[in-house]
Structure formats: C-alpha cells, structure tokens
Amino acid sequence: RRVRFSARNAADQVPNVHISIIAIHLDRVCLIFSLQTKKAEQLAAAAQTNDQSSIIQSLARDTSELSQQVAWMKETEDNLLVPAIAKIVPQKEQKSFSNKVLMSLGIWDSRLHLVGMYEAVREDSTEMDMFQREIPYIPRSMIPRWKKNLYDPKASVLIGR
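Reference entry: report on the structure contained in this document. Model, not experiment: these values are computed from the prediction. (Residues numbered from 1 in each chain as written. Predicted model: local features only at pLDDT ≥ 70, side-chain atom pairs only at ≥ 80, totals over all residues. Heavy atoms only, no water.)

### Describing the overall build of the chain
Alright, step 1. Scanning the chain from N- to C-terminus turns up seven helices and zero strands.
Alright, step 2. Starting at the N terminus and walking to the C terminus, you meet the elements of the chain as α-α-α-α-α-α-α.
Alright, step 3. Counting all 161 residues of the chain, 23% fall into the buried class.
Alright, step 4. In the structure as shown, the chain presents an accessible area of about 11,900 Å², 58% of it carried by carbon and sulfur atoms. (Helix = DSSP H or I, 4+ residues; strand = E, 2+ residues; numbered from the N terminus. Buried < 20%, exposed > 50% of the residue type's maximum accessible area, 1.4 Å probe, protein only. Areas by Shrake-Rupley, 256 points an atom, 1.4 Å probe, with all protein chains shown as cover.)

Below, the structure is given as structure tokens:
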C-alpha cells in the first residue's frame, strides 16, 4: 500500500527509525565536512613547517576515517534510505523530482549525476530496466564517455587512485 506523500505530512509518514537513520546520516555528512576542513588546515600547516612526516601520517589516518564514513553512508543510503523513500514517494513524484534535479544541476553536473545514477543501478536488473526506460537513448549512450572523462577523475580522488 502506497502512502500519499506531501511535504506537509512527510514527518508523519516516515517511521521514526528512518528519521533516526537520516539524522545519523546527516551527522556523518557533518563529520566528513569537519574532516575535510581539518585536512585542509593540516595541509596549510605542512606547507609552512618542516614537520611534514607527522602531518602526512595524520592525513593518512584522516583519509582512512573519511573513506570509512563515506562507505557507511553509501551502504546506509543503498540499503535503508532509498528503499524507504521508494515506498513512501510515488514513482511519478520521484521521476518529477529527478527531472527537476537534473535541470537545476546544469550540463556538467547533470552528466555526472547520470553516470552516478547508472553506477548505482547497474548491478540491479530491475533498477537498470527502469533506468533504461526513463533515460533517453542519447544520454545513455554517452555514459561510458562521461564516465571516463568526467566521473572517473572525480571519483578517483575519493577512492585513492
């Protein structure tokens, strides 16, 4: 049974467990920003001191923690948030929202977003079928090129390549 979703009654429709997961997720986002800020400050300090080896070790620890946090967030999104939202928000509204997101991103970011969407659904045949039905042929045919030229360079920073 689908529940009609609207901004006014969203809090009533999302079970408390999902609200807790979203809160934890947002805390992780804040932690990631905090780690990034700390890394930037350490890099600035390293440039002005001779004690670069300890700063490099600290950066390595922070990078490892950042990687763990991002992995946890992705797993949480994939396993808990996305299924919960899919049950609450009707498919028509999801499609409308996705189109609004793509329009607001601009051409470069929308290409990255499409590649990210493809990467997220490529191993799930049901989701991939929906992706192929909803995304026009020309953008789908460009995904390998955009992945190589736009997505991979940005993603490699996150996965340490």
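### A word on the packing of helix 5 (residues 107–121) against helix 6 (residues 125–134)
Alright, step 1. Look at helix 5 against helix 6: their axes get within 8 Å of each other, and the N-to-C directions meet at 150°. Overall, the two elements helix 5 and helix 6 adopt an arrangement that is roughly antiparallel. Residues Leu114, Met117, Tyr118 and Val121 of helix 5 pack against Glu127, Met128 and Phe131 of helix 6. (Axes fitted to C-alpha atoms, helices over the stretch in contact; angles between N-to-C directions. Parallel < 35°, antiparallel > 145°, perpendicular 65-115°, else oblique. Contact = heavy atoms within 4.5 Å.)

### Observations concerning the nonpolar core
Alright, step 1. Grouped together as the largest cluster of nonpolar side chains are eight residues: Leu114, Val115, Val121, Met128, Phe131, Ile135, Ile143 and Trp146.
Alright, step 2. Those elements that provide at least two residues to this core are helix 5, helix 6 and helix 7 (137–159). (Core = buried A, V, L, I, M, F, W, Y, C linked by side-chain atoms within 4.5 Å.)

### Points about the environment of lysine 38
Alright, step 1. Inspection of the secondary structure assignment puts lysine 38 in helix 2 (residues 16–48).
Alright, step 2. A relative accessible area of 39% means that lysine 38 is categorised as partly exposed.
Alright, step 3. The spatial distance from the C-alpha of lysine 38 to the C-alpha of leucine 59 is 8.9 Å, given a sequence separation of 21 residues.

### Digging into the packing of aromatic side chains
Alright, step 1. Counted according to the given criterion, the structure contains one aromatic pair.
Alright, step 2. Measuring from centroid to centroid gives 5.9 Å for tyrosine 118 and phenylalanine 131, while their planes differ by 55°, and the two rings are tilted. Of this pair, tyrosine 118 sits in helix 5 while phenylalanine 131 is found in helix 6, placing the two residues 13 residues apart along the sequence.
Alright, step 3. The partly exposed category is assigned to tyrosine 118, whose relative accessible area is 25%. (Phe/Tyr/Trp six-rings, centres within 6.5 Å; stacked < 30°, edge-to-face > 60°.)

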